[in-house]
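Examining the three-dimensional arrangement
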Amino acid sequence: MIANSIRTRLQLWYGLILVVVLTGFGVTAYELERGHLFGRINSELDRRANLLADAMHHSGGPGPEGGRGPGGGPGGEGPPFDRPPQRGFPGDGPPDGRPGGSPPVLQLPPQAAGLFDASDPNNFYFIMYGKEGGEVRRSTNAPPEPLSFTGPTVVNPPPDDPHPLGNRRPPTHTFVIQGNRAEYKLDMPLGGSFVVGCTIAPELQALRLVALKLSVAGVVILGLGIGGGWWLATRAIRPIEDISAAAAKISAGDLAQRINLADTESELGRLATVLNSTFARLEAAFAQQQQFTSDAAHELRTPVTVMLTQTQLSLGRERSPAEYRQTLETCQRAAQRMRRLIESLLALARLDAGQEAMQHLKFDLATVIHDCADLVQPLAADRGVTVVLEASPLECVGDPERIAQVLTNLLTNAIHYNRPQGEVRVTSAVQDGIAIIIVRDNGTGIAPEDLPRVFERFYRSDKSRTPGGHGLGLSICKAIIEAHSGSLEVASEVGVGTTFTVRLPIP
Amino acid sequence: MRLLIVEDEPDLLASMAQALREEGYAVDTAADGEDGLFRAETVDYDAIILDIMLPAMDGWTVLKNLRRAKKTPVLMLTARDQSRDRVKGLDTGADDYVVKPFDLPELFARLRALIRRSANRTTSRLEIGRVVIDTAARTVAQDARLVEITAREYALLEYLALHRGEVVTRATLYEHLFGDDDDTLSNLLDVHVSNLRKKLGHDFISTRRGHGYCIE
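The following paragraphs examine the structure supplied in this document. (Residues numbered from 1 in each chain as written. Chains lettered and ligands numbered in written order. Predicted model: local features only at pLDDT ≥ 70, side-chain atom pairs only at ≥ 80, totals over all residues.)

1. Considering helix 5 (residues 104–118) of chain B
Short version of the rule: Helix and strand labels come from DSSP, where a helix needs a run of H or I of at least four residues and a strand needs a run of E of at least two; each type is numbered from the N terminus. Given the number of residues in a helix, its expected span is that number minus one, multiplied by 1.5 Å. To assign burial, the other C-beta atoms lying within 10 Å of each residue's own C-beta are counted, with C-beta atoms placed from the backbone; 20 or more indicates buried, 12 or fewer indicates exposed, and intermediate counts indicate partly exposed. Starting at the helix axis, one direction is taken to each C-beta atom, and the arc is that of these directions. For every residue pair, C-beta atoms are placed from the backbone, and the pair is scored as a contact if these atoms sit within 7 Å.
Between its first and last C-alpha atoms helix 5 of chain B spans 21 Å; for 15 residues at 1.5 Å apiece the expected length is 21 Å, and the two agree. Of the positions making up helix 5 of chain B, those classed as buried are Leu104, Leu107, Leu111, Leu114 and Ile115 of chain B. End-on, the buried residues of helix 5 of chain B take up no more than an arc of 95 degrees, which puts them together on one face. For helix 5 of chain B, the exposed residues set more than 90 degrees away from the buried face come down to Pro105 and Glu106 of chain B. Elements in contact with the buried residues of helix 5 of chain B: helix 4 (267–315) of chain A together with helix 1 (10–22), strand 3 (47–51), strand 4 (74–78) and strand 5 (96–99) of chain B. Asn120 of chain B lies just past helix 5 of chain B and shows a positive phi near 60 degrees.

2. Notes on the sheet that holds strand 2 (residues 135–138) of chain A
Residue and element names in this part refer to chain A. The test is simple: Two strands pair if DSSP finds at least two bridges between them. Comment: axis = line fitted to C-alpha atoms, over the contacting stretch for helices; angle = value between 0 and 180 degrees taken between N-to-C directions.
What the five strands build is an open sheet, ordered 2-1-5-4-3; its pairing is antiparallel. Edge positions in the open sheet fall to strand 2 and strand 3 (172–178), since each of these has one partner strand only. Averaged over all pairs of adjacent strands, the angle between their axes in this sheet comes to 15 degrees, without regard to strand direction. Bridge analysis of strand 1 (residues 125–129) against strand 5 (residues 193–199) gives five bridges, and the strand direction is antiparallel. Across the sheet, residue Met128 finds its bridge partner in strand 5, namely Phe194.

3. Observations regarding the pairing of strand 9 (residues 423–431) of chain A
All names here are of chain A. Here strand 7 (residues 386–390) runs beside strand 9; their pairing, made up of five bridges, is parallel. What sits directly across from Leu389, in strand 9, is Val426. The sheet contact formed by strand 9 and strand 10 (residues 434–441) spans eight bridges and is antiparallel. Bridging from a neighbouring strand, Val430 pairs with Ala435 of strand 10.

4. Side note on the nonpolar core
For clarity, the threshold we go by: Each nonpolar core reported here comprises buried Ala, Val, Leu, Ile, Met, Phe, Trp, Tyr and Cys residues connected via C-beta atoms within 7 Å.
One finds Leu3 and Leu50 of chain B to be the most contacted residues of the largest nonpolar core, which totals 64 residues. At seven residues, helix 6 (residues 151–162) of chain B tops the list of elements feeding residues into this core. When near neighbours in sequence (up to four residues on either side) are disregarded, Leu3 of chain B contacts Leu20, Tyr25, Val27, Tyr45, Asp46, Ala47 and Ile49 of chain B. In this structure, Ile403, Leu410, Ile437 and Leu472 of chain A belong to the second largest nonpolar core, which totals 35 residues.

This is a description of form; function is not addressed.
Have a look at this one:
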């Protein structure tokens, strides 16, 4: 439930994206800082190595020229590094006649000595190697072993780096960082090399501090981001929760529930408005259905009560044949009434479901009207009502039996609710491809408050039980006409009469 | 006991009226609300059976108007069994409620209970000295032996027993024992009283000259 909630999923994605972004940012910042630091160390070592080499060269002193003492060079005009040295490197052997073993003590030129103050072990140190690879000199603070200059740590000097050591074959620069030491090796083109190094523990410490700060900042931002995201998600989700709570109550049976959203302009507000109107229609349809069921039950209850009362009464004691006969007749009337009601209910249910198969036959409307008028003639005569027909032959397509059912019903109503010596007039005409049948009486009329409800199921304006009537007739008429894609309308004035208008499209 | 039935379904009205007459009640009938209200206001019925769905004036309105003037026990009869309808009926002043379709014995029992309550009785047994009247079984026993008695005699006895100690006038007895449709010969009441005295003892019903009858 919680793992599947939109809020949790939103939060997870949000957190994931935030972690990726923060990690990327932190790693980049760290790498930039580290690159910058190492670049600075590199250029510092580079500067010192070159100064050292330069100083050695200018002093003609030690270094590549061999183990001559300071000032041993010819007037400071030693051969440049890129030139073949006149003699081998110191320590390469005994060309200078010195016995090998103890490194010669050489004095650094003053400008170089200032660069390598050996009094502090954390200061820069240097180691010089001769042509044969042997160590020539080292500063006193140099560690016993140089770092191994292999692997991918070669840093080529920038091309615009003014090279102080000749211009034909530049020396090779190598920069390496291992542990907390950084070393820079300058390989001279003609052999021999300088290694300049220093300990970078304070820099690494600072770098670690940067990493720590970045991590802490990242965690804080992530926390704030997730917290803010949770708050935002909660705010965004709240209307959904309101909607879901209201929907749950409605599905639990409380159809009067509505979603109460103050903000009706947002997307969720519009959704809530749509849902609310759906709920309202649902409630109305439900109420209508409930009313219909209740009315149907009511209509069935009365005849059942008649039968039950009548049979219990008759069976209470021995009766005469005439009394039994009367009981049976009463029961028959009740049963007929129930049958009519059940047939009407079934017809309505089928019409509602669109299952009532309507025939598509060509028929003459005038013939149908005349047949219906003949059918109701006895009732009209009984009531002293005249039925006047003004129907000319008119070919329609549809279900003639159903149309006849509608017309008979309308005629019966028109006669029943007429006054004595009243008149019922049926006219038919065609207008714009639509057949119009008008059944007009000059009877009692229907009260304005009842008029909109006459097509409602079980609605009876006078509340009395008309013989055989159950308040479904007009509902069925309307359903039949609508199944023919037509319309049935009513207009009435109390004391003047009622007019029912049937419109049927002629294909 | 005189009853009024207000019901618009003619078959139901006829069979209920017949069944209740056979139970010994004097029964008047009305087929719509207006007629029902008029009768209920004019005559002191012992109980009224009132349908709700009525032409001219519905049962609620009849009941509301009747309650302004009278406390006659009313049994509502309806085809709607939703509880809010029942609540509305009872709140409007109905004394009981029967939902269609009902069983006749149940209707009878509810009517008896209604009449009994209105006479401030709680059981269906009335004991007057050696005579025991069972209003549920509609039997009369004296010294634990059943007494043969006609429906009209029973109705007279029950009415007097329910109003024990009161002097009941001849007019009241006529009103409660005979419906509109009954032939009421002026001496019919004397015949019934005389028959009851023969069966239960001469002193059982006393006559107050110029006033009426009484069971002490």
